[in-house]
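Listed here are the chains, written in short residue letters.
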Amino acid sequence: MEIRPLLMCFALCVVYATSKPTEKKERVHHDAPLSSREHDDAQGFDYDHDAFLGQKEAKSFDELSPEESKRRLGVIVEKIDGDSDGFVTEVELKAWIKKAQKKYIYENVDRQWKDFDVNNDGMISWEEYRNVTYGTYLDDSEPDDGYNYQHMMARDERRFKMADQNGDQIANKEEFTAFLHPEEYDHMKDIVVLETMEDIDKNGDGFIDLNEYIGDMYNHEDEMEEPDWVATEREQFSEFRDKNKDGKMDREETMDWILPSDYDHAEAEAKHLVYESDSNKDGKLSKEEILNKYDLFVGSQATDFGEALKALYSQPVVLPAAGSRRRR
């Protein structure tokens, strides 16, 4: 069984507490880039392939024939068309791109699923999760490790209820994913903020003051001088975090800090794909329009061969020396 998510979180807290004082704890959640490649369609569509399929899946398409690549793309188009109206909208495309980028998260959930779905009914109840995670710990009223497992369980139950959108105390795969990775879901943002504030707010007044903010990032014990980044963080708190200048961060200010409204790469890519493929300019894509621009969405042996040809012909031509009978 993999390390259970909450207990792993506490283990990380121990690591932070015993790490070097100059190491900085990162609380901010940023969206990962859609691709490690530069987005330049003039040089190729590798970025678009990574964004649309996810980098691992995009690489597998490069081994396919154009015919097989188109066939598989056609199957994907039907999955993207959520309302089955025969068209792919920008909203549906954005949702697909976000899902493709979260594939590693779903794989992580799949690995843990069998550990918690004790009765193999395809669902995970709160009772199943509680018994697997805390069963043996709750039998010991005074554990030697000093952790308050009753408190930890109550916190987990609160998060489980937030993820359980229909309120039946049973999580399907998507709800369990939201439970394990709340930062990835809009409806879970409040619980991410609440848990963060509970971790940092040492005096229990419901706010995060400057000392608590710095104290969460930086352990100054046994350190003669503060590293430069600590002074920078003090300035960040005063100038940007504490927006109403009352000397502390409330819930809204904490959310702006840990869950910033970054540039939405998935939305931008969805707009780009629609703009480039929408031949009749009706603001949505038919399956035919997507397949006509298949090389924008997915790779194949043909697109790779095309890149190789472009690289070949971009090389300078070396003419044979005078009198040579060899031909190029």
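Keep in mind the model is a prediction, meaning the values are calculated, not measured.

Right, let's talk about the overall build of the chain for a bit. A tally of regular secondary structure across the chain gives 17 helices and six strands. Per-residue burial for the chain yields a buried fraction of 38% across its 328 residues. Pairs at least 24 apart in sequence give 62% of the contacts found in the chain among residues at least 6 apart. With an accessible surface of roughly 19,800 Å², the chain has 51% of that area assigned to carbon and sulfur atoms.

Within the element layout of this structure, glutamate 92 appears in helix H5 (residues 90–101). Within the buried core, glutamate 92 has no salt-bridge partner, and the shortest N-O distance to an opposite charge, that of lysine 284, equals 9.4 Å. Looking at glutamate 92, its side chain comes within polar contact range of the main-chain nitrogen of aspartate 83, at 3.4 Å. The contacts of glutamate 92, once residues within four sequence positions are left out, are Ile80, Asp81, Gly82, Asp83 and Phe87.

Turning to the environment of alanine 32, a few remarks are in order. Examined against the element boundaries, alanine 32 turns out to sit in the loop between helix H1 (5–18) and helix H2 (46–53). Sequence separation between alanine 32 and glutamine 101 is 69 residues, and the spatial gap between their C-alpha atoms is 8.3 Å.

Below, the discussion takes up the packing of aromatic side chains. Applying the stated criterion to the full structure yields 14 aromatic pairs. Three or more aromatic residues link up through ring pairs in this structure, and these residues are Trp113, Phe116, Trp126, Tyr129, Phe160, Phe176 and Phe179. Across from the ring centre of tyrosine 185, 4.7 Å away, lies the NZ or CZ of lysine 102, which sits over that ring. Against the face of phenylalanine 207 rests lysine 248, its NZ or CZ located 4.2 Å from the ring centre.

What follows deals with the UniProt feature "domain: EF-hand" (unreviewed entry) in the chain. If you check UniProt for "domain: EF-hand" (unreviewed entry), the listed places come out as residues 68–103, 104–139, 151–186, 188–223 and 265–300 in our numbering. Structurally, residues 151–186 comprises 58% helix and 6% strand, and the distance from its first C-alpha atom to its last is 25 Å. For the annotated span residues 265–300, helix accounts for 64% and strand for 6% of the residues, and the straight-line distance between the end C-alpha atoms is 24 Å.

Our next topic: helix H9 (residues 173–180). A large share of H9 lies buried, amounting to six of its eight residues. Along H9, the residues classified as buried are Glu175, Phe176, Thr177, Ala178, Phe179 and Leu180. With a side-chain oxygen lying 3.2 Å from the backbone nitrogen of glutamate 174, the N-terminal cap of H9 falls on asparagine 172.

A word on helix H14 (residues 265–277). In this model H14 runs 18 Å from its N-terminal to its C-terminal C-alpha over 13 residues, within 8% of the 18 Å that 1.5 Å per residue would give. Taken together, the buried positions of H14 are Ala266, Glu269, Ala270, His272, Leu273, Val274 and Ser277. Residues of H14 that are buried in the fold lie against H2, H5, strand E6 (285–286), helix H15 (287–292) and helix H16 (294–297). At the N-terminal end of H14, a side-chain oxygen is found 3.2 Å from the backbone nitrogen of alanine 266, two or three residues along, and the residue is aspartate 264.

A few words on unusual backbone geometry. If you check the backbone angles, asparagine 120 has positive phi at about 55 degrees while not being a glycine. Tracing the backbone shows asparagine 120 in the loop between helix H6 (103–116) and strand E2 (124–125). With phi around 65 degrees, glutamine 169 is a residue other than glycine that occupies positive phi space. With respect to the helices and strands, the residue glutamine 169 is situated in the loop between helix H8 (149–163) and strand E3 (170–171). What makes glutamine 169 partly exposed here is its relative accessible area of 28%.

Turning next to the nonpolar core. Core analysis: the biggest nonpolar cluster contains 40 residues, and Tyr129, Phe176, Phe179, Tyr213 and Trp257 have the highest contact counts within it. Within the residue set of this core, elements represented by two or more residues are H6, helix H7 (126–138), H8, H9, helix H10 (189–200), helix H11 (210–217), helix H12 (228–241) and helix H13 (251–258). Setting aside its immediate chain neighbours within four residues, phenylalanine 176 contacts Val109, Trp113, Phe116, Ile124, Tyr129 and Ala171. Grouped together as the second largest cluster of nonpolar side chains are 26 residues, Phe52, Leu64, Leu73 and Trp96 included.

Angle between the axes and distance between the axes: these two values describe a pair of packed helices. Orientation of helix H4 (residues 66–80) relative to H5, taken along the N-to-C sense of each, is 110 degrees, at an axis distance of 10 Å. Put simply, H4 runs roughly perpendicular to H5. The handedness of the crossing between H4 and H5 comes out as right-handed. Facing Ile76, Lys79 and Ile80 of H4, the residues of H5 in contact are Glu92, Leu93 and Trp96.

Parameters at a glance
Residues numbered from 1 in each chain as written. Predicted model: local features only at pLDDT ≥ 70, side-chain atom pairs only at ≥ 80, totals over all residues. Heavy atoms only, no water. Helix = DSSP H or I, 4+ residues; strand = E, 2+ residues; numbered from the N terminus. Buried < 20%, exposed > 50% of the residue type's maximum accessible area, 1.4 Å probe, protein only. Contact = heavy atoms within 4.5 Å. Areas by Shrake-Rupley, 256 points an atom, 1.4 Å probe, with all protein chains shown as cover. Lys, Arg positive; Asp, Glu negative; His and termini not counted. Salt bridge = Lys/Arg side-chain N within 4 Å of Asp/Glu carboxyl O. Polar contact = N/O pair within 3.5 Å; in protein donor to acceptor, adjacent residues only side chain to side chain. Phe/Tyr/Trp six-rings, centres within 6.5 Å; stacked < 30°, edge-to-face > 60°. Lys NZ or Arg CZ within 6 Å of the ring centre and 35° of its normal. UniProt positions renumbered as here; feature names shortened; annotations may be inferred. Expected span 1.5 Å × (residues − 1). Core = buried A, V, L, I, M, F, W, Y, C linked by side-chain atoms within 4.5 Å. Axes fitted to C-alpha atoms, helices over the stretch in contact; angles between N-to-C directions. Parallel < 35°, antiparallel > 145°, perpendicular 65-115°, else oblique. Left-handed = near helix turned anticlockwise from the far one by under 90°.

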